[in-house]
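An overview of the molecular structure
Spelled out, the chains give:
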Amino acid sequence: MGEGTALTIGWLYPKLMSTYGDRGNVICLERRCQWRGIPVRVVPLDRETPADAFGQVDLLVGGGAQDRQQEIVMRDLQGAKAEILKEAIAAGVPGTFTCGAPQLLGQYYEPALGQRINGLGVLDLVTVHPGPEAPRCIGNMVLTVTAQRLAADLRAMLGEVPYLIGFENHGGRTRLGPTAEALASVVKGFGNNGQDGTEGVFYRNAIATYSHGPLLPKNPFLADWLIQQAIARRTGEPVILKPLDDCLAQQARTALLARHGLQEAIALP
Ligand code: GLN
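Report follows, based on the coordinates. This is a predicted model, so every value here is computed, not measured. (Residues numbered from 1 in each chain as written. Predicted model: local features only at pLDDT ≥ 70, side-chain atom pairs only at ≥ 80, totals over all residues. Heavy atoms only, no water.)

**Remarks on the packing of aromatic side chains**
Using the criterion set out here, one finds 3 aromatic pairs in the structure. Pairing Tyr20 with Phe167 gives two aromatic rings, centres 5.7 Å apart and planes at 70 degrees, and the pair type is edge-to-face. Taken as a pair, Tyr20 in the loop between β1 (7-12) and α1 (23-34) and Phe167 in strand β9 (residues 164-170) lie far apart in primary sequence, 147 residues in all. Residue Tyr20 is classed as partly exposed on the basis of its relative accessible area of 35%. Aromatic side chains Phe202 and Trp225 sit 5.8 Å apart centroid to centroid with 55 degrees between the ring planes, which places their arrangement in the tilted category. Placement of the pair is Phe202 in strand β13 (residues 201-203) and Trp225 in helix α7 (residues 220-235), with a sequence separation of 23 residues. For Phe202, a relative accessible area of 6% puts it in the buried group. (Phe/Tyr/Trp six-rings, centres within 6.5 Å; stacked < 30°, edge-to-face > 60°. Helix = DSSP H or I, 4+ residues; strand = E, 2+ residues; numbered from the N terminus. Buried < 20%, exposed > 50% of the residue type's maximum accessible area, 1.4 Å probe, protein only.)

**Points about the layout of surface pockets**
It is the rolling of a water-molecule-sized probe over the atoms that shows where space remains empty. For the largest pocket, the calculated volume is near 380 Å³. Taken together, 22 residues form the lining of the largest pocket, with Met157, Asp224, Gln228, Ile240 and Leu241 sitting closest to its centre. Every element with two or more residues in the lining of the largest pocket is listed here: α5 (148-158) and α7. In terms of residue count, α7 provides more of the lining of the largest pocket than any other element does, 7 residues in total. For the lining of the largest pocket, the residue count by class is 14 nonpolar, 2 polar and 6 charged. Estimates place the volume of the second largest pocket at around 180 Å³. The wall of the second largest pocket is formed by Ile27, Cys28, Arg31, Arg32, Trp35, Pro217, Pro220, Asp245, Asp246 and Ala249. (1 Å grid on protein atoms, 1.4 Å probe; cavity = no way out; pocket = protein on both sides within 12 Å on 5 of 7 lines; lining within 4 Å. Points joined across faces, edges and corners; volume = space filled by probe spheres on them. Nonpolar A, V, L, I, M, F, W, Y, C, P; charged D, E, K, R; others polar.)

Now the structure itself:
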């Protein structure tokens, strides 16, 4: 891909939605492209951004936010911006959406205080915060990917499906609707609601999760999967990415999994 056709990462509301280091997901995607010589640029999709820019992206990243910021975002994400973003995700633009972002892409979010916020309805889920006195879901997470296509792709890429590792901190409890496919099942942590063992949602090429981490540096194969989907959509051809040296990520993963008495099933390159 030439410079004029750089892969475009659209970063949703960077000033309002980037808790717990979620910008690390953007940095990870950008660097893993650059290390392979793939031209890439990051475009903020913010309040001052015109609506059509929301559809001119190859990859989307949406981070977490507290309730107050989510309300500001949802006041902005209306009309043409909402429609264009919804269409992009439904058309298969790959992306990762963390914590507050999936809450806003679902049917609705009921914050700890105040009115229900209607979401974009592109993900079949609803989220209710049980109130300011209710305990938050906080801690490290380990997950097993259950989304069928993603699990199959990761097995084809790596020989095995590695754990997803992350960190969650949310008050909202999410319930998946009948058409939603969970991203993962919870090995350690709370996940969508602390009750049904599901975590996140997988829709088209969207990975939505409560897992900060940031998610992608701790699970670099997910970043590569997203980049692969983005390039394949652009070129119409399946793509195999040049492997990178992930030994530092591997060491971090081994240490984090050992805290929970778990072992990595595979060795990353
Ligand atoms: N405001 C949401 C909640 O508490 C999301 C928090 C977050 O994104 N970390 O459920």
